[in-house]
Amino acid sequence: GPELVARVELIESDALALDGKATRSQVRLHFTDDDAGPGMDLLLYLPNGANGPVPVFFGMNFDGNHTVHADPAITLPRGWVRNRDEVGATDHRASEAGRGVVATRWPIEAILARGYGLATVFYGDVDPDFDDGFVNGVHRALGHDGTGDAWGAVAAWAWGYSRALDYLAS
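These lines cover the structure that appears in this document, whether it is placed above or below.

What counts as what
Residues numbered from 1 in each chain as written. Predicted model: local features only at pLDDT ≥ 70, side-chain atom pairs only at ≥ 80, totals over all residues. Heavy atoms only, no water. Helix = DSSP H or I, 4+ residues; strand = E, 2+ residues; numbered from the N terminus. Buried < 20%, exposed > 50% of the residue type's maximum accessible area, 1.4 Å probe, protein only. Contact = heavy atoms within 4.5 Å. Areas by Shrake-Rupley, 256 points an atom, 1.4 Å probe, with all protein chains shown as cover. Phe/Tyr/Trp six-rings, centres within 6.5 Å; stacked < 30°, edge-to-face > 60°.

Turning to the overall build of the protein, a few remarks are in order. Looking only at helices and strands, the protein features five helices and five strands. A total of 170 residues make up the protein; the buried ones form 45% of that total. Looking at the protein alone, contacts between residues at least 24 apart form 60% of all its contacts between residues at least 6 apart. For the protein, the accessible area works out to roughly 8,400 Å², and carbon and sulfur atoms hold 53% of it.

A complete count under the given rule lists seven aromatic pairs for this structure. Both rings, one in Phe-58 and one in Tyr-161, keep their centres 4.9 Å apart while their planes meet at 85°; by these two values the pair is edge-to-face. In this pair, Phe-58 sits in strand β4 (residues 56–61) while Tyr-161 sits in helix α5 (residues 153–169), placing the two residues 103 residues apart along the sequence. Residue class for Tyr-161 comes out partly exposed when judged on its relative accessible area of 31%. Taking 5.0 Å as the distance between ring centres and 45° as the angle between the ring planes, the aromatic pair formed by Phe-62 and Tyr-123 counts as tilted. Here Phe-62, found in the loop between β4 and α2 (108–113), pairs with Tyr-123, found in helix α3 (residues 123–126); they are 61 residues apart in sequence, far enough to count as distant. Using a relative accessible area of 43% as the deciding quantity, one classes Phe-62 as partly exposed. Joined through ring pairs, the aromatic side chains of Phe-62, Phe-122, Tyr-123 and Trp-157 make up one cluster.

Next comes the structure, spelled out in structure tokens:
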């Protein structure tokens, strides 16, 4: 597939996250040169005190990066999210009510304590998987006009995984 990450923008970083146990970084992987264009936000926690690179668990989440931990510095998704009362999402927008609600699925402290890192992106940044004629997420970056065939959601997510892994390996 096309190599569409136009640039990486550091949104924020904190070397004393989680009571000093981790360095948290949030980066936006822009799919185009347009700041307002599509892209995905990657949340990364690395253990402090590591001597060099560490292995990183990586996975997509389904409600927004802010739902994987109660850390108040994790940014809310800027785009479409599923309406789910359990995560405080209404009118397809994330809210503070969702902060940390699926943290039990993401044992970040245990991962860090064992010397590993954790990275995640919200699937909806790559492709929200609803029928809008393929004009959002990575499809928008491809200039898809809603006609004809386009990658399906699973192919788009695989592409997103690949771009995130490219970033993590760099």
